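Listed below, chain by chain, are the residues.
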Amino acid sequence: MGILKGILAIIFFASVVWSRQLTFHDFKVFSVKVENEEQLRILKTLENDDDGFSYWKDPILGRDADIVVSPNKLNDFNDLVSALKLNSTMKIANIQKLIDAESPLRQSREAFGWENYHTLDEINAWLDGLLISYPDILSVHHVGYSYQNREIRAIKLSHKNNSAAILIEANIHAREWISSATATWLLNELLTSTDPEVVDIATNINWYFIPVLNPDGFVYTKTTNRLWRKSRYPHQHLCYGVDLNRNFDFMWMHVGASSNPCSDTFAGPTPFSDPETKALSEFMTAHIDEIKVFITFHSYGQFILTPFAYTYEPADNYEQLKQVGNAGADAIRQRYGTNYVVGSSAEVLYMNSGSSRDWIKGIHNINISFTIELRDQGSYGFILPPEQIIPNCLEIFDGLKAIVSECKIIGYL
Ligand SMILES: [Zn+2]
């Protein structure tokens, strides 16, 4: 007993010393209604206070912002709430508690599945196994290397050479773990389901999955900072990384992106400054004749976002984009009643520029380019509990099947 306790103590001590994980004890998330210009102006200034406040959902007039408040700034925040008469509700009382519950100590030999989130190595090992199990229909495409030299892979599922393709990109934002969990679940379902509708779309459509576009950031969320969003390119001392979804060369730095390397929405010093975005753009360009539908998974918020985010001007086929998006949202809602809002990012969420979704629509004018912001609406935010992975995947697959069939009706697939 004594020896066991000693060993456990050593393991605990070692993991604390070696992992150097940032912790978020008593960090809270508040939802704040932005009701007037004065509130908006002051709330926006909090963005520059790196170690005290950060936004999970930016302040926009007439909408709710989600703000993370560190324990040492809680009194300041409460004073601000009174002074500005802010309507504020606490959504998360202790971020660290969610992080601890999300990643319980696991058996190292546990099989790959969707009851838990996985590391990059586990995802890659699982993909390697699939490539061996399905050599005739699965292949791996080298998209490129990350800044820290990790391979970015696309897995292609193809039964026939000349079928139209759907490209699914995930984890461009490092902390949005549910995005790669969803991408891998979908790939598995397309490979293993015997449902005739699934067999049909698995057989007659070519599927490209890029489960982790930002491997450096993703690994960093596992080892060091669960809430990291960007890449890890050191563009400036002490402020690492680029918001890869602001770094694409279409309306770059037009709106909703930052030129400050310390900001979470830093667009990079130049468009395609980071190898991950450059590699994805080249990969998409090389396969552009095949790709009819592009979907990028993010979290959180429950939105199906159409282009564009840089302007309120509707895309040329906005009616069709809405029609397809609505079919997806209706199907999602039918399973558990989960509500997804459909519309252009500028219209229903916020304005930004330089995203992969806007780039492929703006430069290559493919018909369907969606961002799907997965669960939830902020009760857990980026730390979506593992028990929700499978329900989320099931409803999203319902939505995806509806998106595919609506695209067929319109003639997009
Ligand atoms: Zn995102």
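Residues numbered from 1 in each chain as written. Predicted model: local features only at pLDDT ≥ 70, side-chain atom pairs only at ≥ 80, totals over all residues. Heavy atoms only, no water.

## Brief notes about the overall build of the chain
Phase 1 of the analysis: Assigned secondary structure in the chain consists of 13 helices and 12 strands.
Phase 2 of the analysis: Relative to the globule expectation of 22 Å for 413 residues, the C-alpha radius of gyration of the chain, 21 Å, shows essentially globular dimensions.
Phase 3 of the analysis: Projecting the C-alpha coordinates of the chain onto the three principal axes gives extents of approximately 65 × 60 × 40 Å.
Phase 4 of the analysis: Looking at the chain residue by residue over its 413 residues, the buried ones come to 57%.
Phase 5 of the analysis: Within the chain, counting contacts between residues at least 6 apart in sequence, those at least 24 apart form 75% of the total.
Phase 6 of the analysis: Charge-centre separation for the chain: the mean point of 35 positive side chains lies 3 Å from the mean point of 49 negative side chains. (Helix = DSSP H or I, 4+ residues; strand = E, 2+ residues; numbered from the N terminus. Rg over C-alpha atoms; globule rule 2.2 N^0.38 Å. Buried < 20%, exposed > 50% of the residue type's maximum accessible area, 1.4 Å probe, protein only. Contact = heavy atoms within 4.5 Å. Lys, Arg positive; Asp, Glu negative; His and termini not counted. Charge placed at Lys NZ, Arg CZ, Asp CG, Glu CD.)

## Some remarks on the packing of helix α7 (residues 196-204) against helix α13 (residues 389-410)
Phase 1 of the analysis: The N-to-C vectors of α7 and α13 enclose an angle of 60°; their axes lie 12 Å apart at closest approach. What the angle tells us is that α7 and α13 run oblique. For the crossing formed where α7 meets α13, the hand is left-handed. For the pair α7 and α13, the contacting residues are Glu197, Val198, Asp200 and Ile201 in the first and Phe397, Lys401, Val404 and Lys408 in the second.
Phase 2 of the analysis: Of the residues contributing to the contact of α7 with α13, the split by class is 4 nonpolar, no polar and 4 charged. (Axes fitted to C-alpha atoms, helices over the stretch in contact; angles between N-to-C directions. Parallel < 35°, antiparallel > 145°, perpendicular 65-115°, else oblique. Left-handed = near helix turned anticlockwise from the far one by under 90°. Nonpolar A, V, L, I, M, F, W, Y, C, P; charged D, E, K, R; others polar.)

## Concerning the coordination of the zinc ion
Phase 1 of the analysis: Coordination sphere of the zinc ion, protein contribution only: His173 (ND1), Glu176 (OE), Glu176 (OE) and His298 (ND1), at 2.1 to 2.3 Å.
Phase 2 of the analysis: Around the zinc ion sit 4 donor atoms; with metal-centred angles ranging over 57 to 149°, the donor geometry is irregular.
Phase 3 of the analysis: Take His298: its relative accessible area is 2%, and that puts it in the buried class. (Donors = N, O, S within 2.8 Å, 3.2 Å for Na, K, Ca; no water. Tetrahedral: all angles 85-135°; square planar, octahedral: opposite > 155°, others 65-115°.)

## Examining the state of the cysteines
Phase 1 of the analysis: With the rule as written, the count across this model stands at 1 disulfide.
Phase 2 of the analysis: Across a sulfur-sulfur distance of 2.0 Å, Cys239 and Cys262 are joined as a disulfide pair. Looking down the S-S bond of the Cys239 and Cys262 bridge, the torsion is 95°, so its handedness is right-handed. Of this pair, Cys239 sits in the loop between α8 (215-223) and α9 (275-286) while Cys262 sits in the loop between α8 and α9; the two residues are 23 residues apart in sequence, bridging distant segments of the chain. (Disulfide = S-S within 2.5 Å.)

## What to know about the sheet that holds strand β4 (residues 87-92)
Phase 1 of the analysis: Ordered in space as β2-β3-β1-β4, the 4 strands form an open sheet in which the pairing is antiparallel. Looking at which strands have only one partner, the edges of the open sheet turn out to be β2 (53-57) and β4. In this sheet, neighbouring strand axes are inclined to one another by 30° on average, regardless of whether the strands run parallel or antiparallel. (Pairing = 2+ DSSP bridges.)

## Some details on the domain arrangement of the chain
Phase 1 of the analysis: Split by domain assignment, the chain resolves into domain 1 (28-100) and domain 2 (120-410).
Phase 2 of the analysis: For the domain 1 and domain 2 pair, buried surface summed over both sides reaches about 1200 Å², with 60% attributable to carbon and sulfur atoms.
Phase 3 of the analysis: Considering only the surface of domain 1 that becomes buried against domain 2, Trp56, Arg63 and Leu98 emerge as the three largest contributors, covering 45% of it.
Phase 4 of the analysis: For the interface between domain 1 and domain 2, the tally reads 0 salt bridges.
Phase 5 of the analysis: Linking domain 1 with domain 2 are 4 residue pairs in polar contact (both at pLDDT 80 or more).
Phase 6 of the analysis: When contributions to the side of domain 1 that touches domain 2 are tallied by element, the ones reaching two or more residues are β2, β4 and α4 (95-102).
Phase 7 of the analysis: Looking at the side of domain 1 that touches domain 2, the element that brings in the most residues is α4, giving 3 residues.
Phase 8 of the analysis: When the residues that make up the side of domain 1 that touches domain 2 are grouped by side-chain class, the tally is 6 nonpolar, no polar and 4 charged. (Domains from an automatic or database assignment. Buried area = accessible area lost by both parts, 1.4 Å probe. Salt bridge = Lys/Arg side-chain N within 4 Å of Asp/Glu carboxyl O. Polar contact = N/O pair within 3.5 Å; in protein donor to acceptor, adjacent residues only side chain to side chain.)

## Focus: the environment of Lys408
Phase 1 of the analysis: Tracing the sequence through the fold places Lys408 in helix α13.
Phase 2 of the analysis: Sequence spacing of Lys408 and Arg63 is 345 residues, and the spatial spacing of their C-alpha atoms is 35 Å.
Phase 3 of the analysis: A polar side-chain atom of Lys408 sits 3.4 Å from a polar atom in the side chain of Asp200.

## A look at the nonpolar core
Phase 1 of the analysis: Counting 85 residues, the largest nonpolar core has Ile168, Trp207 and Ile372 as its most contacted members.
Phase 2 of the analysis: Residues Leu46, Tyr55, Leu80 and Val81 belong to the second largest nonpolar core, which totals 17 residues. (Core = buried A, V, L, I, M, F, W, Y, C linked by side-chain atoms within 4.5 Å.)

## Focus on the sheet that holds strand β5 (residues 138-145)
The pairing of strands in a sheet happens through backbone hydrogen bonds and is either parallel or antiparallel.
Phase 1 of the analysis: With mixed pairing, 8 strands are arranged side by side in an open sheet as β5-β6-β8-β7-β9-β12-β10-β11. On the outer flanks of this sheet lie β5 and β11 (341-344), each paired with one strand and no other. Averaged over neighbouring strand pairs, the angle between their axes works out to 20° when direction is ignored.
Phase 2 of the analysis: When strand β7 (residues 165-169) meets strand β8 (residues 206-210), the two strands line up parallel, connected through 5 bridges. Its bridge partner being in β8, Glu169 is matched across the sheet by Ile210.
Phase 3 of the analysis: Against the sheet, helix α5 (residues 120-133) engages β5 and β6 (151-157), with an angle of about 35° to β6.
Phase 4 of the analysis: Packed on one face of the sheet, helix α10 (residues 318-336) meets β10 (303-306), β11 and β12 (368-374) and runs near 165° to β11.

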